[in-house]
Structures are given as structure tokens and as C-alpha cells.
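The lines below spell out each chain.
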Amino acid sequence: MKRDYWNKPTMGLWERLYIFEVIRGLCITGGVFFGNMWKWLTGRRGALTACYPEEIRSDYSPANRGRHLLTQRAGGGVQCVSCHMCATVCPAYAIEILSAANLDDPMHPKSPERFEIDYSRCIFCGFCVEACPEDALRMAAEVPDFPGFDRDDMRGRLDLLLHWRPASDPAKAYAATPAATLEVHS
Ligand code: SF4
Ligand code: SF4
């Protein structure tokens, strides 16, 4: 049986005639295409496309969520209690966690032995940050800088996530660490 939905779109006569809307769409696409081509031919940068990863844009939107970091406890240990809520909520199945028992800390008996975010999958939606009950996972709005020619290079691993010190996330004081493992590309 055919169902009617509450948000079923209604089309006017012009849209139902179809061909005119197709022509209008082609005109818009063609206008942008030739406009950008003209800018490139006259030495100006028109298109927004960058040859990533050789070319990295610096003009990210202020709404850019950036990339993840794991927060630490005052003593320097990882704040994550390995509850897997972030991995469960992730729509891109980008988070992998291997839990370990932490018998030294009865208040937090589990912690991640391995925590990886696969940036070849991540869509930077921020759901994982919202889901975390411990404020253990954040995103800092700095340029997501994970160029790589190998999928394995695009994994944010525990060490990287834990030791990154973003300038744009001053909300928590981070313990001093030895040299961060992050290579920042300028
Ligand atoms: S930002 Fe979204 S896609 Fe990326 S790891 Fe978090 S929940 Fe998954
Ligand atoms: S980062 Fe947060 S949500 Fe994810 S496993 Fe750790 S405590 Fe749970």
C-alpha cells in the first residue's frame, strides 16, 4: 500500500513539466563551472578544490569541528573509562577500542589499551564527543591535518590523541608531556 508522508514534497507546475527545471539546473552548474574556469585562466583561484594531500587549505570554515583529542586526569592518566559509547554512536564505525582492566584504580577499573579513530572513515560529525559521559573525548577546531598515502597513516592512535596540545582548547589544563608524536604540517 502506498503511504503518504507528512513531509511529502509538493511540486508546482514548472517542476512537474520537468525539462525546464533540468535546463535551469544545467545553467547553474555550467555557470559555476565556466566562471571558475575563467578565474583559473586569468590567474585567480576560483574553484575550492585543493590537490589534497599535497596542497592543504588553511581557510577552513569557523564551523569546522577539527579533530579529536583524549583528555587526561590530573595525574596524567587517560580520562577515558573505555565504556565504548563513542564507538557505539559513531555512524561511520570509525572508532576502535580495546579495553584493559585497570586494577590499580578501583574507581576507574577499565581504560583503553588501544583507542583508534580511523580518519579515512570519520565524517567529523562530533557524535562521539556528545556521547562521552566522561569528557574524555573532545574535538578542537584546528585544521584536521591527516594527509596520508596509506590508510594506516590515517589512524589517530591513543598516543597521538592523548598527547596533542591544541591551542584552541584551553578549557582543560593538560599535564606537560614529552615530545608530542604529532607532526604538524604548516
Ligand atoms: S566525529 Fe563522528 S564519524 Fe568521526 S569518530 Fe566521532 S562519531 Fe565517528
Ligand atoms: S572516549 Fe568517552 S565515550 Fe569513548 S570509551 Fe572513552 S569514556 Fe567512553
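Residues numbered from 1 in each chain as written. Chains lettered and ligands numbered in written order. Predicted model: local features only at pLDDT ≥ 70, side-chain atom pairs only at ≥ 80, totals over all residues. Heavy atoms only, no water.

Caption draft 1: Structural view of the nonpolar core. Core analysis: the largest hydrophobic core is formed by 21 residues, its most contacted members being Leu70, Cys86, Ile95, Phe115, Ile117 and Leu137. Listing elements by their share of this core, those giving two or more residues are helix 3 (85–89), strand 2 (95–101), strand 3 (110–118) and helix 5 (158–163). Every residue in contact with Leu70, bar those within four places of it in the chain, is listed here: Cys80, Phe115, Ala136, Leu137, Leu158, Leu161 and Leu162. (Core = buried A, V, L, I, M, F, W, Y, C linked by side-chain atoms within 4.5 Å. Buried < 20%, exposed > 50% of the residue type's maximum accessible area, 1.4 Å probe, protein only. Helix = DSSP H or I, 4+ residues; strand = E, 2+ residues; numbered from the N terminus. Contact = heavy atoms within 4.5 Å.)

Caption draft 2: Main features of the side chain of Thr71. Relative to the elements of secondary structure, Thr71 occurs in the loop between strand 1 (67–70) and helix 3. Of the polar contacts made by the side chain of Thr71, one reaches the backbone oxygen of Asp135; its length is 2.8 Å. (Polar contact = N/O pair within 3.5 Å; in protein donor to acceptor, adjacent residues only side chain to side chain.)

Caption draft 3: Highlighting the site of ligand 2. In the vicinity of ligand 2, the residues found are Cys80, Val81, Ser82, Cys83, His84, Met85, Cys86, Ile97, Phe115, Cys132, Pro133 and Leu137. Residue composition of the shell around ligand 2, by class: ten nonpolar, two polar and no charged. (Near = heavy atom within 4 Å. Nonpolar A, V, L, I, M, F, W, Y, C, P; charged D, E, K, R; others polar.)

Caption draft 4: Representation of the sheet that holds strand 5 (residues 155–156) within the structure. Taking strand neighbours across the sheet as the criterion, the three strands line up as 2-3-5 in an open arrangement whose pairing is antiparallel. Unpaired on one side and paired on the other, strand 2 and strand 5 mark the two borders of the sheet. Here strand 3 runs beside strand 5; their pairing, made up of two bridges, is antiparallel. Across the sheet, residue Ile117 finds its bridge partner in strand 5, namely Gly156. (Pairing = 2+ DSSP bridges.)

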